Amino acid sequence: MSANGFEQVELGVYSDNDRARHMYRKMGFREYGMNPRAFKLKDGTYRDEIIMANIFEG
């Protein structure tokens, strides 16, 4: 559990955002799944969403 009482923090990030995914992994987040075609962009293309979580042990 974190100092403020949280047991885990979750987030979603575009699958093609390698820099953000790398940064979150360095902060202790793990990838737990993917939501395909989660976001439709203005140009009509889609982006998958990677689901990440940081689970606080103890």
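Our structure is the block above this text.
This structure is a prediction, so every number in the text was calculated from the model and none was measured.

What follows covers the sheet that holds strand β3 (residues 46–55). What the three strands build is an open sheet, ordered β1-β3-β2; its pairing is antiparallel. Lying at the two open borders of the sheet, with one neighbouring strand each, are β1 (8–14) and β2 (30–40). Here the strands of the sheet are splayed against their neighbours by 25 degrees on average, with no regard to which way each runs. The sheet contact formed by β2 and β3 spans seven bridges and is antiparallel. The residue of β3 that forms the bridge with Lys40 is Tyr46. Contacts between helix α1 (residues 18–26) and the sheet are confined to β1, β2 and β3, with β1 contributing the most and set at about 165 degrees to the helix.

Taken together, the seven bridges between β1 and β3 define a ladder with antiparallel strand orientation. When the sheet's bridge partners are listed, Val9 is paired in β3 with Asn54. Here β2 folds back onto β3 in antiparallel fashion, the turn holding five residues, of which Gly44 has a positive phi close to 90 degrees.

Counting six residues, the largest nonpolar core is built from Leu11, Val13, Ala20, Phe29, Ile50 and Met52. Not counting residues within four places of it along the chain, the set of residues in contact with Phe29 comprises Val9, Leu11, Tyr24, Met52, Ala53 and Asn54.

For the rest of this paragraph, the subject is unusual backbone geometry. Residues other than glycine predominantly adopt negative phi, and peptide bonds predominantly adopt the trans conformation. Positive phi, normally seen in glycine, also occurs at Arg37, with a value near 55 degrees. Tracing the sequence through the fold places Arg37 in strand β2. Using a relative accessible area of 53% as the deciding quantity, one classes Arg37 as exposed.

Quick notes on the rules
Per chain, residue numbering runs from 1 following the sequence as it is written. Under the rules for a predicted model, residues below a pLDDT of 70 receive no local features and side-chain atom pairs below 80 are neither given nor counted, while totals for whole chains, interfaces and linings still include all residues. In computing side-chain properties, one takes all heavy atoms of the structure into account and sets aside hydrogens as well as water. Two strands qualify as a pair provided that DSSP identifies no fewer than 2 bridges between them. Only DSSP runs of H or I covering at least 4 residues are called helices, and only runs of E covering at least 2 are called strands; the numbering of each starts at the N terminus. To obtain each axis, a line is fitted to C-alpha atoms, and for helices this fit is confined to the stretch in contact; angles are then taken between N-to-C directions over 0 to 180 degrees. We call two residues in contact whenever any of their non-hydrogen atoms come within 4.5 Å of each other. To define a nonpolar core, start from buried Ala, Val, Leu, Ile, Met, Phe, Trp, Tyr and Cys residues and group those joined through side-chain atoms within 4.5 Å. For each residue, the accessible area found with a 1.4 Å probe, counting protein chains only, is set against the maximum for its type, and the residue is called buried under 20%, exposed over 50%, and partly exposed in between.

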